[in-house]
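Notes for the structure review
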Amino acid sequence: MALKNAYPLAKKTIEKPQTIVEVNGIEIGGKDLAIIAGPCAVESEEQLFTIAAFLAEKGIKILRGGAYKPRSSPYSFQGLMEDGLKLLKRVSQKYDLAIVTEVMDLSLLDTVYPYTDILQIGARNMKNYHFLKELGKTDKPILLKRGMDATIEEWLLAAEYILMGGNQRVILCERGISTFDHATRNTMDIAAIPLIKQLSHLPIIADPSQATGNRDLVSSLSLAATAAGTDGLMIEVHNNPEAALSDGPQSLRFDQFSDLLNKLKLMSVINDKKIPDFQLKTHFN
Ligand code: PEP
Ligand code: MN
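These notes cover the structure that comes with them. All values reported here derive from a predicted model rather than from experimental measurement. (Residues numbered from 1 in each chain as written. Chains lettered and ligands numbered in written order. Predicted model: local features only at pLDDT ≥ 70, side-chain atom pairs only at ≥ 80, totals over all residues. Heavy atoms only, no water.)

Quick word on the pairing of strand 6 (residues 118–121)
Selection rule: Think of it in three bands: residues with accessible area under 20% of the maximum for their type are buried, residues over 50% are exposed, and the middle band is partly exposed, with areas taken using a 1.4 Å probe on protein chains only. Counting from the N terminus, the helices are the DSSP runs of H or I reaching at least four residues and the strands are the DSSP runs of E reaching at least two. Two strands qualify as a pair provided DSSP detects at least 2 bridges between them. When the strands point away from the viewer and the path from the first strand over the helix to the second turns clockwise, the crossover is right-handed.
Burial along strand 6 is two-sided: Ile118 and Gln120 facing one way and Leu119 and Ile121 facing the other are all buried. As paired elements, strand 5 (residues 98–102) and strand 6 share 3 bridges and run parallel to each other. Residue pairing in the sheet places Val100 in a bridge with Ile118 of strand 6. Where strand 6 and strand 7 (residues 142–145) come together, 3 bridges link them in parallel fashion. Note that in strand 7 the partner of Gln120 across the bridge is Leu143. In this view, the connection linking strand 6 to its parallel neighbour strand 7 by way of helix 4 (residues 129–135) has right-handed handedness.

Structure below.
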């Protein structure tokens, strides 16, 4: 049952209709569509720098990449950890990219903090309330994924935990929820986007990569989320998805990402959100 005035700080009001989180000259929650892109995981210097060079050339300003990966199996690639963080720092300096990377656990916060511009909190941690309280004391933007089993109210209450600590820069990220259907990895809740826009002043972005698990569905869902009013997209992109150590099947190839940017640009004609002027070339050499 819905609680009454459950999340006063996250709630949209006349005084507080919209929060804008600014990162590296990009406004998340502002008038432009913010695009975050990059590999699921940092795998090597060559992989990260190749992807970052391509994205920077396209005009992308915020790079994603996990250095610590929450994998279902302990035998799967767990991330390069501190070595991955160091690569992220170097690539951010070379290509003027802001970084978003996941903090998997409170014990890793001090380690990850200096290397990132946005702290990503994974779906599996959305209900880790002690962790959320501690994140409220930090002064960097928090990208709060929706838990795969979380209701909209539980998600906004999780944001409330962070806001209560004093950190006002929370970005919500819809990444699909678990349903009975396993045809896609998760089920993208598109309605969550306009609903959050009604309920909360916090910016919301969509992650169609975790939502589908299938690169051939990512473009359509990105367009759908944009039509639904998302403030941004977070998209996994890889130079060689077949060889990816994490989430290869859902990672866009470079040409697919370029095509998506072109489609988003066309969509901006009919949408409220202005799409920034990306390079309209289809291939990167
Ligand atoms: C990711 O972004 O690669 C990821 C693991 O996300 P989530 O926490 O949404 O599963
Ligand atoms: Mn991933």
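Considering the coordination of the manganese ion (ligand 2)
Heads up, the rule is: Donors, by definition, are the N, O and S atoms found within 2.8 Å of a metal, the threshold being 3.2 Å for Na, K and Ca, and water is not counted, so a site can look incomplete.
All of the protein donors around the manganese ion (ligand 2) are Cys40 (SG), Glu236 (OE) and Asp247 (OD); their distances to the metal are 2.0 to 2.4 Å. Positions of the donor residues of the manganese ion (ligand 2), expressed as sequence spacing, correspond to C-x195-E-x10-D. One end of the pair, Cys40, is in the loop between strand 3 (34–38) and helix 1 (45–58); the other, Glu236, is in strand 10 (residues 232–236), and 196 residues separate them in sequence. What makes Cys40 buried here is its relative accessible area of 2%. Given a relative accessible area of 1%, Glu236 falls into the buried group.

Quick word on the site of ligand 1
Rules: The rule for a residue being near a molecule or strand is that one of its heavy atoms must lie within 4 Å of it. For the purposes of these results, a polar contact is taken to be a pair of N or O atoms within 3.5 Å, where, inside protein, one atom must be able to donate a hydrogen and its partner to accept one; residues adjacent in sequence count only when each atom of the pair is a side-chain atom. Under the convention used here, a 1.4 Å probe and the Shrake-Rupley method define accessible areas, while residue burial counts only the protein chains that appear. Throughout, the protein atoms alone are placed on a 1 Å grid, and a set of points is a cavity if a 1.4 Å probe fits but cannot get out or a pocket if it is open with protein on both sides within 12 Å along at least five of seven lines; lining residues have an atom within 4 Å of a point. Just a note on the criterion: a molecule sits in a pocket or cavity if more than half of its atoms are within 2 Å of the grid points.
Near ligand 1, the surroundings consist of Cys40, Arg64, Lys69, Pro70, Gln120, Gly122, Ala123, Arg124, Lys145, Arg175, Gln210 and Glu236. In the environment of ligand 1, an oxygen atom lies 2.8 Å from a nitrogen or oxygen atom belonging to the side chain of Lys145. Protein chains shield 97% of the accessible area of ligand 1, which is 290 Å² for the free molecule. When atoms are counted within 2 Å of each cavity's grid points, the one that captures over half of ligand 1 is the largest pocket.

Considering the layout of surface pockets
Rules: Grid points are joined across faces, edges and corners, and a volume is the space filled by probe spheres set on the points. Each residue is assigned to one of three groups, with Ala, Val, Leu, Ile, Met, Phe, Trp, Tyr, Cys and Pro labelled nonpolar, Asp, Glu, Lys and Arg labelled charged, and all others, Gly among them, labelled polar.
Volume-wise, the largest pocket comes out at about 260 Å³. Taken together, 20 residues make up the lining of the largest pocket; nearest its centre are Pro70, Arg124, Arg185, Gln210 and Asp247. In terms of residue class, the lining of the largest pocket is built from 3 nonpolar, 7 polar and 10 charged. Of the voids in this model, the second largest pocket is the one considered here, and its volume is about 190 Å³. Gly25, Ile26, Asp32, Leu33 and Pro276 are, among the 13 residues lining the second largest pocket, the residues nearest its centre. Elements supplying a minimum of two residues to the lining of the second largest pocket: strand 2 (26–28) and strand 3. For the lining of the second largest pocket, the per-class residue count stands at 7 nonpolar, 2 polar and 4 charged.

A short note on the packing of helix 5 (residues 152–164) against helix 6 (residues 192–199)
Rules: Every axis corresponds to a line fitted to the C-alpha atoms, with the helix fit spanning only the stretch in contact, and the corresponding angles, defined between N-to-C directions, vary from 0 to 180 degrees. Note that the term roughly parallel is reserved for angles under 35 degrees, roughly antiparallel for angles over 145, roughly perpendicular for angles of 65 to 115, and oblique for everything else. Crossing chirality is assigned from the near helix's rotation relative to the far helix, an anticlockwise turn below a right angle marking it left-handed and a clockwise turn marking it right-handed. The contact criterion used throughout is that any non-hydrogen atoms of two residues lie within 4.5 Å.
Where helix 5 meets helix 6, the closest approach of the two axes is 12 Å, and the angle between their N-to-C directions is 50°. For the element pair helix 5 / helix 6, the angle class is oblique. Read as a crossing pair, helix 5 and helix 6 show a hand that is right-handed. Contact residues: helix 5 offers Ile152, Trp155 and Leu156, while helix 6 offers Ala192, Leu195, Ile196 and Leu199. Its residues assigned to classes, the contact of helix 5 with helix 6 comprises 7 nonpolar, no polar and no charged.

With respect to the pattern of salt bridges
Put simply, the rule is: Salt bridges are defined as contacts in which a side-chain nitrogen from Lys or Arg sits within 4 Å of a carboxyl oxygen from Asp or Glu.
The full count for this structure, using the stated rule, is 13 salt bridges. Between Lys127 and Asp149 there is a salt bridge, with its nearest N and O atoms 3.7 Å apart. Of this pair, Lys127 sits in the loop between strand 6 and helix 4 while Asp149 sits in the loop between strand 7 and helix 5, and the two are 22 residues apart along the sequence. Judged by its relative accessible area of 34%, Lys127 falls in the partly exposed class. The salt bridge partner of Arg253 is Glu242, with a shortest N-O separation of 2.9 Å. In this pair, Arg253 is assigned in the loop between strand 10 and helix 9 (254–267) and Glu242 in the loop between strand 10 and helix 9, connecting sequence segments 11 residues apart. On the basis of relative accessible area, Glu242 is assigned to the exposed category, the value being 57%.

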